[in-house]
Amino acid sequence: FEPSWGGYNPSGSMTIDMTGYTWDGISLEVDDEVGIFDGNLCVGSGIVKNDGKIYDSYFDYENQIVTSSSFEVGSNNIQGFNPGNTVTVRVWRNSLSVDIDATIESWQTAQGLPSTELFESLAIRKLNINVYPPSSSSLSVTPGSGAANLDWTWPSIGSYQMYTDGIPDNAVEFNIIRDGSIIAV
């Protein structure tokens, strides 16, 4: 992940202390990345190194990710987060070549108090994330005259977006197949 403000010193930065970063409860692997997003804009990132810890992509801070709000350099507007916008997190799983949403397990102030997952300039937050596998779903079929009604539940956790070249797509899909052909998605 490449933060939008790369190459400049951040302005109105928000430092995020990474207290946990797991995939299905197991620590992320070497070369996995964590991206901090404001909408579709990456405003901070970190990479897991050989010691199993995550390091900021630009400043190499251990277990920290630095983000930046928008700022101007001369006549150029450098995009960053907008204070008050919702924080989202994505993980690049290097071994699978997958870019996927992550669940924020906890988002706390520097003092360890729960906080709303919003960007704030000049703040420090503690972040714990996990990428869950999809929870189970159920399917019920009600036969009718010449037809059948299908109802299913959506997974309560692990129903993420995956990204290809920044374009989101559902990580969990349901297809209805009849005689070997997909008839509904």
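Residues numbered from 1 in each chain as written. Predicted model: local features only at pLDDT ≥ 70, side-chain atom pairs only at ≥ 80, totals over all residues. Heavy atoms only, no water.

**Q** Tell me about the overall build of the chain, and please be specific about residues and values.
**A** For the chain, the helix and strand inventory stands at 0 helices and 18 strands. Residue burial in the chain is summarised as follows: out of 185 residues, 35% are buried. Within the chain, residue pairs in contact and separated by at least 24 positions form 58% of the contacts whose partners lie at least 6 positions apart. (Helix = DSSP H or I, 4+ residues; strand = E, 2+ residues; numbered from the N terminus. Buried < 20%, exposed > 50% of the residue type's maximum accessible area, 1.4 Å probe, protein only. Contact = heavy atoms within 4.5 Å.)

**Q** Describe the nonpolar core, naming the residues involved and giving the relevant values.
**A** Among the nonpolar cores identified, the biggest contains 27 residues, and M18, V34, I36, V89, V91, L127 and I129 are the most heavily contacted of them. Taken together, the elements giving at least two residues each to this core come down to strand 1 (11-23), strand 3 (33-38), strand 4 (41-48), strand 9 (87-93), strand 10 (98-101), strand 11 (103-109) and strand 12 (124-131). For this core, the element with the most residues is strand 1, which contributes 5 residues. The residues touching V91, leaving out its near neighbours within four places in the chain, are F1, W23, L28, E33, V34, V98, D99, I100, A102, I129 and V131. (Core = buried A, V, L, I, M, F, W, Y, C linked by side-chain atoms within 4.5 Å.)

**Q** I'd like a description of the environment of G7, backed by residues and values.
**A** Topologically, G7 is positioned in the segment before strand 1. Using a relative accessible area of 71% as the deciding quantity, one classes G7 as exposed. Along the backbone, G7 and Y58 are 51 residues apart, and their C-alpha atoms lie at a distance of 8.5 Å.

**Q** Can you tell me about the pattern of salt bridges, naming the residues and giving the values?
**A** Inspection of the entire model under this criterion finds 6 salt bridges. One salt bridge connects D99 with R90, and the closest N-O pair in it is separated by 2.6 Å. Taking relative accessible area as the criterion, D99 reaches 10% and is therefore assigned buried. According to the relative accessible area criterion, R90 is buried, its value standing at 6%. Shared partners join several salt bridges into a network, and the residues in it are E29, D32 and R93. (Salt bridge = Lys/Arg side-chain N within 4 Å of Asp/Glu carboxyl O.)

**Q** Describe the pairing of strand 6 (residues 64-69), listing the residues and the values that go with them.
**A** The buried fraction of strand 6 is high, at 5 of 6 residues. Here 5 bridges tie strand 1 to strand 6, and the two strands are oriented antiparallel to one another. What sits directly across from M14, in strand 6, is T67. (Pairing = 2+ DSSP bridges.)

**Q** Mind laying out the packing of aromatic side chains, listing which residues take part and the relevant values?
**A** For the structure shown, the criterion picks out 6 aromatic pairs. Arranged with centres 4.7 Å apart and planes meeting at 10 degrees, the rings of F81 and F119 form a pair that is stacked. Separated by 38 residues along the polypeptide, F81 in the loop between strand 8 (76-78) and strand 9 and F119 in the loop between strand 11 and strand 12 bring together distant segments of the chain. The burial state of F81 is the same as that of F119; both residues are buried. (Phe/Tyr/Trp six-rings, centres within 6.5 Å; stacked < 30°, edge-to-face > 60°.)

**Q** Could you give an account of the environment of V98, with specific residues and numbers?
**A** Tracing the chain through its elements places V98 in strand 10. In contact with V98, not counting residues within four places along its chain, are V91, W92, R93 and M162.

**Q** Kindly report on the side chain of S68, identifying the contributing residues and their values.
**A** One can find S68 in strand 6. For S68, the side chain forms a polar contact with the main-chain nitrogen of S11, separated by 2.9 Å. Once residues within four sequence positions are removed from consideration, S68 is found in contact with W5, P10, S11, S13, V43, G80 and F81. (Polar contact = N/O pair within 3.5 Å; in protein donor to acceptor, adjacent residues only side chain to side chain.)

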